[in-house]
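# Summary of the model geometry
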Amino acid sequence: MSLSCRLRTLALVVLFFPVPRAEAAEPPELKTLVTRLQQVAADTMVTEEDGLAVRIQAHGPAAIPALLSLLSNESKSVRQSAGYVLGDIEGLSEEHLEVLLRAQLRDGGFLSQAIGRIGTARAIDFLIAGLRNAPESNWHLTNGLVVAGSKAAVALAETVRAPAPQPPSFIDRACEVLRTMQAGSADAVAPLLAVATGSTTRHENKGHAIRLLGCVGVLARPAIPTLDALQQKDGTLRDAVGAAIADLQPPPEVAELISRLREEPSFRTLRELSERQKQGLDAGSAVFELLSSKDWELRAFAAQTLGHIQYAQAIPSLVDMLEDDEDWQRVLASVDALGRLHAVNAMSPLKRVAQRHWYPPVRLAARKALSLIRDKTSPAIGFGTPVAFVTDGVLFFAPRSPTPALVAGPDELSASELERLEYDAVIRGFGPDGVHLTPIKQKPDCGLRVPRGQLLGSDRGEWEGELMHVQDDATTTRVLDVNTHRIHRLGEHIIAVTGLAHLILNEGVLFRVIPQGQSFVARPWRTLPGAPLKSGLLSNGRLFISCLGGDVVVDPLGGIQMATPQNVQSEGK
């Protein structure tokens, strides 16, 4: 169901109220955007809302007066669309609260998140009262409390200090808030302990306080000694304390996985941690360290794992990784993790990814992550490479198109030149007794002239190829141990197009080949959407690469786009 359709299902209570007037004229672009928002709000066939929201939100406080004025519009759709934009805008303050409270009572929706952004005592009390009155169906209110942060955590803790018992359904939602809030929930530990150990607290609320300590998670571990003492003192609380302490303790095998990860990081260990979901939380710091790994695949797997184990401390770094313009798999893994973490504060950057990222499957994943965050749902438990995540999306978004006309690049060796060359190589094989190395004379599949020699590459599929530097004096240096499909000069760069498609593998990477000493080294430059099938220069100076996951065009600065009839034919751009 589209966002427009979901917004239109909200209940309506008819209230009318004045809104503050804008004190200054709106910038022309902002006025145009707000007008367009009203136009698309009533059209369920238009899917512009996310894009308009991002562009309006970029104006920050300047956009707030115009959006507040829309909250009194006669159209419910317009009001709800305005509330959606306000739910994730910067600059809201106490002066806007009255209008937002009345609008939320009438239309609900994302206005709860806007109220949470204000975060004053009145704003938080309003959200908690709404959650208590309708705990079963108000995820917007839980989102608002998550956004409100530690002040909301303390206020929720104080609810179990009341003389009357709290409804279990309300405690369920309070637990959800504290679990999702993660770091912000730490301030709830002291008041929850005070309630749990208080001499005048109702017995039911003591049990609720103990349960909420378990919901806080790892940040409540300092409370374990006090909970143990309470269990010894009051046997009626033994089950509640036992359940809470179990929530705070990692399973024994996690320590072994952490040790393995620190000694020799691997995809297998990350997968095993991910399968344990939040029980693997204690491995968070070890996994987090891998975000800066030189191994591009490993760091993407690490980002994905952080989402599975719910390591919320990584959210700021995962948000930063959304800006990565080199490795789309890293962006995709970060998107997946932020969705699993229900990272409410990541919604604005995720919206930008959903609108602007060059690779359609990444945009789709960002929209799915936004839905997880908004709806507080969870994806199916599973683990795979970032490429495997988007196989369906790739096939859907990347229909084959005719290969454009390609031109011979400077210094590229022709087929007849390559036929006359060979170099010494080794094929690696595997048998019952281990690895077998077989020396061969390899004819190169591609080559490029360089000063005092040549760069020669081979692609042997599953047997792996290489990129070699062969100097005029016959000195050879192995530059890369990967299948090298083609070598091109792109602007000032030498680019090796590499990759492999075999069984479940489908990977492609552009390496920048850099002179170093008497030879060359190769550094990862851009991740491709799958294994390369064909590559060559266009007449406009860009590099065209047809991959299993789609055709792309790369410019000399590293900008990458999906290939279109326009960007493969536009001269001089």
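Residues numbered from 1 in each chain as written. Predicted model: local features only at pLDDT ≥ 70, side-chain atom pairs only at ≥ 80, totals over all residues. Heavy atoms only, no water.

### A look at the side chain of Ser81
Which entries qualify depends on this criterion: Each helix is a run of H or I in the DSSP string that is no shorter than four residues. Each strand is a run of E no shorter than two, and both are numbered from the N terminus. Classification of residues uses two cut-offs on accessible area relative to the type maximum, computed with a 1.4 Å probe and protein chains only: under 20% is buried, over 50% is exposed, and between them is partly exposed. Contact definition: two residues touch when any of their heavy atoms are within 4.5 Å.
Following the sequence through the fold, Ser81 ends up in helix α5 (residues 76-86). On the basis of relative accessibility, which here comes to 1%, the residue Ser81 falls in the buried class. Apart from residues lying up to four places away in sequence, Ser81 is in contact with Leu37, Ala41 and Glu49.

### A closer look at the state of the cysteines
Note the cut-off: Working definition: a disulfide is two cysteine sulfur atoms within 2.5 Å of each other.
One pass over the structure, following the stated rule, counts 1 disulfide. Note on cysteine connectivity: Cys175 is disulfide-linked to Cys215, with sulfurs 2.0 Å apart. For the disulfide bridge between Cys175 and Cys215, the dihedral angle about the S-S bond is near -95°, and by the sign convention the bridge is left-handed. Highlighted residues: Cys175 in helix α11 (residues 168-181) and Cys215 in helix α13 (residues 203-216), separated in sequence by 40 residues. Taken as a pair, Cys175 and Cys215 share a single burial class, namely buried.

### A few points about unusual backbone geometry
A negative phi holds for most residues other than glycine; trans holds for most peptide bonds. Look at His342: it is not a glycine, yet its phi comes out positive at around 50°. When you line up the elements, His342 lands in the loop between α21 (328-340) and α22 (347-356). Positioned with a positive phi, Ala474 is a non-glycine residue whose angle comes to about 80°. Mapped onto the elements of the fold, Ala474 is located in the loop between β5 (466-471) and β6 (476-480). For Ala474, a relative accessible area of 56% gives the class exposed.

### So, a nonpolar patch on the surface
What counts here: What goes into a patch is any residue over 30% in relative accessible area without a salt bridge, connected to like charges within 9 Å or, for nonpolar side chains (Val, Leu, Ile, Met, Phe, Trp, Tyr), within 5 Å. Accessible surface area values rest on a Shrake-Rupley calculation with a 1.4 Å probe, where residue burial reflects the displayed protein chains alone. In what follows, salt bridge is the name for a side-chain nitrogen of Lys or Arg lying within 4 Å of a carboxyl oxygen of Asp or Glu.
On the surface, Phe430, Val435 and Leu437 cluster together into a nonpolar patch covering about 370 Å² of accessible area. Checked against the element boundaries, Leu437 lands in strand β2 (residues 434-442). On the accessibility criterion, Leu437 (57% relative accessible area) is exposed.

### Some points on the nonpolar core
Selection rule: Nonpolar core, defined: a set of buried Ala, Val, Leu, Ile, Met, Phe, Trp, Tyr and Cys residues in which side-chain atoms within 4.5 Å join the residues together.
Of all hydrophobic cores here, the largest spans 143 residues; its most connected members are Leu86, Leu100 and Leu192. Not counting residues up to four positions away in its chain, the partners in contact with Leu192 are Ala157, Val160, Leu178, Ala209, Leu212, Leu213 and Val216. In this structure, Cys446, Leu455, Leu467 and Ala522 belong to the second largest nonpolar core, which totals 14 residues.

### Describing α22
Residues spaced three or four apart along an α-helix face the same direction, because each turn holds 3.6 residues. α22 sits mainly inside the fold: 7 of its 10 residues count as buried. Within α22, the full set of buried residues consists of Met347, Ser348, Pro349, Leu350, Lys351, Val353 and Ala354.

### Here's the deal with the sheet that holds strand β13 (residues 550-554)
Stated precisely, the cut-off is as follows: DSSP calls a pair of strands paired once it identifies at least 2 bridges connecting them. Angles run from 0 to 180 degrees between N-to-C directions of axes, and those axes are lines fitted to C-alpha atoms, restricted for helices to the stretch in contact.
The strand order β11-β12-β13-β14 describes an open sheet built from 4 strands, whose pairing is antiparallel. A strand with exactly one partner marks an edge of an open sheet, and here the two such strands are β11 (532-537) and β14 (560-562). Averaged over all pairs of adjacent strands, the angle between their axes in this sheet comes to 20°, without regard to strand direction. Both β13 and β14 contribute to a ladder of 3 bridges, which runs antiparallel. Residue Val553 lies in a different strand from β14, and its bridge partner there is Gln561.

### So, the pattern of salt bridges
Under the defined criterion, the tally for this structure stands at 28 salt bridges. A salt bridge links Arg122 to Glu98, with the nearest nitrogen and oxygen atoms 2.7 Å apart. Taken together, the residues Arg122 in helix α8 (residues 121-133) and Glu98 in helix α6 (residues 97-107) connect sequence positions 24 residues apart. For Arg122, a relative accessible area of 41% puts it in the partly exposed group. Between Arg449 and Glu417 there is a salt bridge; the shortest N-O distance is 3.1 Å. Linking Arg449 in strand β3 (residues 446-450) with Glu417 in helix α26 (residues 415-419), this pair joins segments that are 32 residues apart in sequence.

### Describing the packing of aromatic side chains
Condition: Only Phe, Tyr and Trp rings take part, Trp by its six-membered ring, and two of them pair if their centres are within 6.5 Å. Stacked means planes under 30 degrees apart, edge-to-face means over 60, and tilted covers everything else.
The final tally for this structure, using the stated rule, is 6 aromatic pairs. For the ring pair Phe110 and Trp139, a centre distance of 6.1 Å and an interplane angle of 80° mean the geometry is edge-to-face. One end of the pair, Phe110, is in the loop between α6 and α7 (111-118); the other, Trp139, is in helix α9 (residues 139-148), and 29 residues separate them in sequence. When its relative accessible area of 25% is taken as the criterion, Trp139 is described as partly exposed. A ring pair is formed by Phe267 and Phe301, whose centres lie 4.7 Å apart and whose planes are at 55°; its orientation type is tilted. A residue pair is termed long-range when its members are at least 10 positions apart, and Phe267 in helix α17 (residues 267-275) and Phe301 in helix α19 (residues 296-308) qualify at 34 residues. What makes Phe267 partly exposed here is its relative accessible area of 27%.

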